[in-house]
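# Survey of secondary and tertiary structure
Each chain, letter by letter, is given below.
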Amino acid sequence: MIDYNPKEWFRYIFYFQKADTVRKLMPLILTIMVYTTVISYLILKVWRIGENTDLKNISLMHSLLGFVISMLLVFRTNTAYDRWWEGRRQWGALMNCSRNLALKINSLVDQDNAEAREFFRIMIPNYAFAFKNHLRGHFLSESFTETSTFKLSDLHLEDHIPNQIAAALFSKSVELQRKGLILPEHLILLNVELETFTNVCGACERIKNTPIPLSYSSFIKKFIFIYCITLPIGYVFSLHFLVIPFVMFVFYILASLEVIAEEIEDPFGEDANDLPIDRICAGIQLSANALLK
């Protein structure tokens, strides 16, 4: 995620970063430019169609459908942002429950029990890093830190790794209770935080694995395409060759909204506008180390 000052207007008007929609859409924008140029030249110079033709009435269709397409794109963008914000809320909940678990372990487990404290100090961040990599579809062994009782070889890499780490955290809590190092009611306190780990995981998997329906996304793309390729036919009689930059700009605006929505509806990757989950994982690690040192 890119950090920026939203109050700096002038700077970001002329700022283009790698993920900017202009860069992504440039091939399509150039294609629209060539298409509009050809249509305009044929109508104005080759066919010499006058302004009294019925083709100029196509602009009425754009006036009628402009409101419809704007409502579709607003709904599309809002739906994608809801997914982005829900992902941020879930990762915020993971940060909070990780801190709460570390706080409770720090109070409930004596300083003399260095092995148990070390286990939770390392495994709580391990869950966050494994969960991040799970959402990105791969496992990085270098992001996993071994403890004296839980090694990398204990993981089944072909299975659900966050679940395995959550199970290890719960098993360790039950082990402490059976040994009498914590009371049964203490285990209930810890269980609240341990359940949140799995709840957050399920919520983020729901966001990632349930994209917008294909028919809806396909319909919006077809709508934008047909709307834009008919623009030069309707407006060339009034704008003449100025219709070329006009159509390019309209296509850029409409297509950019769809591209932005596609990018933020899956917010767990490494794109510029995705969630700062690397930073959140580092924050969880820092909190666990500070509380359970």
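Residues numbered from 1 in each chain as written. Predicted model: local features only at pLDDT ≥ 70, side-chain atom pairs only at ≥ 80, totals over all residues. Heavy atoms only, no water.

### What about the side chain of E205?
Position of E205 relative to the elements: it lies in helix α6 (residues 184-209). We note that E205 is buried and unpaired, the nearest opposite charge coming from R206 at a distance of 9.4 Å. Beyond its immediate chain neighbours, meaning those up to four positions away, E205 contacts H134, L135 and H160. (Helix = DSSP H or I, 4+ residues; strand = E, 2+ residues; numbered from the N terminus. Buried < 20%, exposed > 50% of the residue type's maximum accessible area, 1.4 Å probe, protein only. Lys, Arg positive; Asp, Glu negative; His and termini not counted. Salt bridge = Lys/Arg side-chain N within 4 Å of Asp/Glu carboxyl O. Contact = heavy atoms within 4.5 Å.)

### Overview of the pattern of salt bridges
With the rule as written, the count across this model stands at 14 salt bridges. Note that R76 and E265 form a salt bridge whose closest N and O atoms lie 3.1 Å from each other. Highlighted residues: R76 in helix α3 (residues 58-108) and E265 in the loop between α9 (243-264) and α10 (277-291), separated in sequence by 189 residues. With respect to burial, R76 and E265 carry one shared label: buried. Between R136 and D278 there is a salt bridge, with the nearest N and O atoms lying 3.0 Å from each other. Separated by 142 residues along the polypeptide, R136 in the loop between α4 (114-135) and α5 (161-178) and D278 in helix α10 bring together distant segments of the chain. Among the charged side chains, a salt-bridge network with shared partners connects R76, K221, E258, E262 and E265.

### Some thoughts on the side chain of K132
One can find K132 in helix α4. With sequence-adjacent residues up to four places away left out, K132 is seen in contact with W91, I277, D278 and C281.

### Re a nonpolar patch on the surface
On the surface, Y41, V46, W47 and F241 cluster together into a nonpolar patch covering about 430 Å² of accessible area. Locating Y41 in the fold gives a position in helix α2 (residues 21-46). (Patch = residues over 30% accessible without salt bridge, like charges linked within 9 Å, V, L, I, M, F, W, Y side chains within 5 Å. Areas by Shrake-Rupley, 256 points an atom, 1.4 Å probe, with all protein chains shown as cover.)

### Focus: the nonpolar core
In terms of nonpolar packing, the biggest core is built from 48 residues, with W91, L94, F131, I165 and L169 touching the most fellow members. Those elements that place two or more of their residues in this core are α3, α4, α5, α6, α9 and α10. Ranked by residues supplied to this core, first place goes to α4 with 11 residues. Ranked by size, the runner-up nonpolar core spans 26 residues in total, among them L44, I69, I224 and I244. (Core = buried A, V, L, I, M, F, W, Y, C linked by side-chain atoms within 4.5 Å.)

### A look at the layout of surface pockets
There is about 210 Å³ of room inside the second largest pocket. Along the walls of the second largest pocket sit 13 residues, with L28, K221, I224, F251 and A255 positioned nearest its centre. At the level of elements, α2, α7 (214-229) and α9 are the ones that each hand at least two residues to the lining of the second largest pocket. When residues in the lining of the second largest pocket are grouped by element, the largest group, 5 residues, is from α9. (1 Å grid on protein atoms, 1.4 Å probe; cavity = no way out; pocket = protein on both sides within 12 Å on 5 of 7 lines; lining within 4 Å. Points joined across faces, edges and corners; volume = space filled by probe spheres on them.)

### Considering the packing of α3 against α4
The contact between α3 and α4 brings their axes to 10 Å, and the two run at 170°. Between α3 and α4, the crossing angle belongs to the class labelled roughly antiparallel. Counting all contacts with α3, which are made through W91, L94, S98, L101, A102, I105 and N106, the residues of α4 involved are R117, F120, I124, Y127, A128, F131, K132 and L135. For the contact of α3 with α4, the residue count by class is 11 nonpolar, 2 polar and 2 charged. (Axes fitted to C-alpha atoms, helices over the stretch in contact; angles between N-to-C directions. Parallel < 35°, antiparallel > 145°, perpendicular 65-115°, else oblique. Nonpolar A, V, L, I, M, F, W, Y, C, P; charged D, E, K, R; others polar.)

### Overview of unusual backbone geometry
Even without being glycine, H240 reaches a positive phi, approximately 55°. Within the secondary structure, H240 sits in the loop between α8 (231-239) and α9. You can call H240 partly exposed: its relative accessible area is 38%.

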